[in-house]
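# Structural description and commentary
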Amino acid sequence: MSTGFVGDLTIFVLALLVGFEVISKVPATLHTPLMSGANSIHGVVLVGVIILSGFVSGPLGYVLTFLAAAFAAANVVGGYVVTDRMLQMFKKRPVPVKAAPPHAGVEPGDDR
Amino acid sequence: MTLDDGVRVASLIGASAFVLGLHLMNSPATARRGNQLSAAGMTLAVVAVLVQVGHGGTMSATRWLVLLCGALLGAAAGLYSARAVAMTSMPQLVSLFNAVGGGAAALIAVADYQHHPQVSSGTGIASVLDVLIGCVTFSGSLIAAAKLQGYWSQPVSFPGSRLMSSVLALAAVAAGVWVIAGADNAWVLLIVALAATGLGIGMVLPIGGADMPVVISLLNAFTGTAVAMAGFVLSNATLTIAGALVGASGGILTKLMADAMNRSVVSIIAGGFGTGAVGLAAAP
């Protein structure tokens, strides 16, 4: 998947600009889940490790690949699962609000 | 359509899923769906590249064994810890995942370099930056996780820590320039890695526990950038796109988090140097 250095640089800069735009006004409660979500996306480094494993050789190369594979897989699998758990916790919030609705006008569970 | 084209299309869909997923995570109602979309994109990208290397004919039994054993072990550890962790300990777990992500990005550059140490200057710069940023995040995130866990929540600083950081930074830059100039020797890149590991520790240790969420978010953005650099090293667009995406959005998020705490990112990072001694003096 070689595109040359300038091609890679073009993609890099455009993706940076997308990254700057993709986050807008995030409510503070979502800061940690969003950070965790972004953390799992950089688990894509696993794709790099798979490509790497196709050409390494020698004991040192294998040890490095093994370590990198373990690290990247932990990042990607753990990252998505923990983010999902955080957001699940988030979803449960409106339930206690609905269970106790004496102040019908006030809606603390901001469910936009 | 050749297999390579198919893999490229799958990677494109995966990268789009990352962007859309991250965007959906801006609002509570769609956040969970966004994360699931991003996970689906990740699965697609990983399966596509597995098929690609499988068909490439370069995978020997040993290579499959090394890759799959490592990945399964890591996946099991990640899955277990993500399921078992208490809700209150999630931020430090995210920091740990961030650490290993940065470590993996650095290892890619090291393994690639020790495989063929004669690099073009473009790849050389990317390798050095990958190792530098990846190792800073690796050690920095480990320290941040330990601080959140409450091992040392006070800022830690010792006499000469600033001098040590300067020496390490100088060593990393000097060795990095040597690699880019064509050192042709894997040990030189290892100096960059060791110096950067020390720098990461020196960067996070003086910062107080209360500022850790912002620091973790910043290190998260660093890892994204390191992954993008790994994309340059391997000439892989998927890594470059996803890494740059996380690098930029993580940077914005870091600023948002610091603003929410009425702090500035610069004062948190630099403040560690100023307030560290005071914090330590007040602590005992």
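Residues numbered from 1 in each chain as written. Chains lettered and ligands numbered in written order. Predicted model: local features only at pLDDT ≥ 70, side-chain atom pairs only at ≥ 80, totals over all residues. Heavy atoms only, no water.

When helices and strands are counted, chain A shows five helices and zero strands. Listed by position from the N terminus, the elements making up chain A come as α-α-α-α-α. Taking the contacts inside chain A whose residues are at least 6 apart along the sequence as the reference set, 67% of them involve residues at least 24 apart. Accessible surface, chain A as shown: approximately 5,100 Å² in total, 71% of it carbon and sulfur. (Helix = DSSP H or I, 4+ residues; strand = E, 2+ residues; numbered from the N terminus. Contact = heavy atoms within 4.5 Å. Areas by Shrake-Rupley, 256 points an atom, 1.4 Å probe, with all protein chains shown as cover.)

Looking now at the pattern of salt bridges. Tallied over the full model, the rule gives three salt bridges over all chains. A salt bridge links R32 of chain B to D84 of chain A; the nearest nitrogen and oxygen atoms lie 3.0 Å apart. Taken together, the positions of R32 of chain B in helix α2 (residues 31-56) and D84 of chain A in helix α4 (residues 58-91) put the pair across two chains. Assessed through its relative accessible area of 17%, D84 of chain A is described here as buried. Linking D259 of chain B and K255 of chain B is a salt bridge whose minimum nitrogen-to-oxygen distance equals 2.8 Å. Of the two residues, D259 of chain B and K255 of chain B are both situated in helix α9 (residues 237-260); the distance of four residues between them amounts to about one turn of the helix. (Salt bridge = Lys/Arg side-chain N within 4 Å of Asp/Glu carboxyl O. Buried < 20%, exposed > 50% of the residue type's maximum accessible area, 1.4 Å probe, protein only.)

Quick look at the environment of R162 of chain B now. With respect to the helices, strands and loops of the structure, R162 of chain B is situated in helix α6 (residues 161-181). For the pair R162 of chain B and R263 of chain B, spaced 101 residues apart in sequence, the C-alpha to C-alpha distance is 23 Å.

Further remarks concern the UniProt feature "transmembrane region" (unreviewed entry) in chain A. All names here are of chain A. Look at the UniProt record and you will see "transmembrane region" (unreviewed entry) annotated at residues 6-24, 36-56 and 62-83. Helix and strand shares over residues 36-56 are 71% and 0% respectively, and the end C-alpha atoms of the span are 31 Å apart. End-to-end, the C-alpha atoms of residues 62-83 are 31 Å apart, and along that stretch the chain is 100% helix and 0% strand. (UniProt positions renumbered as here; feature names shortened; annotations may be inferred.)

This brings us to a nonpolar patch on the surface. A cluster of nonpolar residues, F5, V6, L9, V13, L14, L17 and F20 of chain A, forms a patch on the protein surface that exposes about 640 Å² of accessible area. Here V6 of chain A shows up in helix α1 (residues 5-22). (Patch = residues over 30% accessible without salt bridge, like charges linked within 9 Å, V, L, I, M, F, W, Y side chains within 5 Å.)

Taken as a whole, the largest pocket encloses approximately 410 Å³ of empty space. Elements supplying a minimum of two residues to the lining of the largest pocket: α4 of chain A together with α4 (90-115), α5 (121-149) and α7 (186-204) of chain B. Residues of the lining of the largest pocket, tallied by class, amount to 15 nonpolar, three polar and no charged. (1 Å grid on protein atoms, 1.4 Å probe; cavity = no way out; pocket = protein on both sides within 12 Å on 5 of 7 lines; lining within 4 Å. Points joined across faces, edges and corners; volume = space filled by probe spheres on them. Nonpolar A, V, L, I, M, F, W, Y, C, P; charged D, E, K, R; others polar.)

In a soluble, globular protein the nonpolar side chains are often hidden away together inside. V44, V47 and V82 of chain A together with F18, V131, L189 and V204 of chain B are the most contacted members of the largest nonpolar core, which has 102 residues in total. If we ignore the near neighbours within four places in the chain, the residues touching V204 of chain B are G140, I143, A144, K147, M212, V215 and L219 of chain B. Membership of the second largest hydrophobic core comes to eight residues, among which are A15 of chain A together with A126, V233 and A244 of chain B. (Core = buried A, V, L, I, M, F, W, Y, C linked by side-chain atoms within 4.5 Å.)

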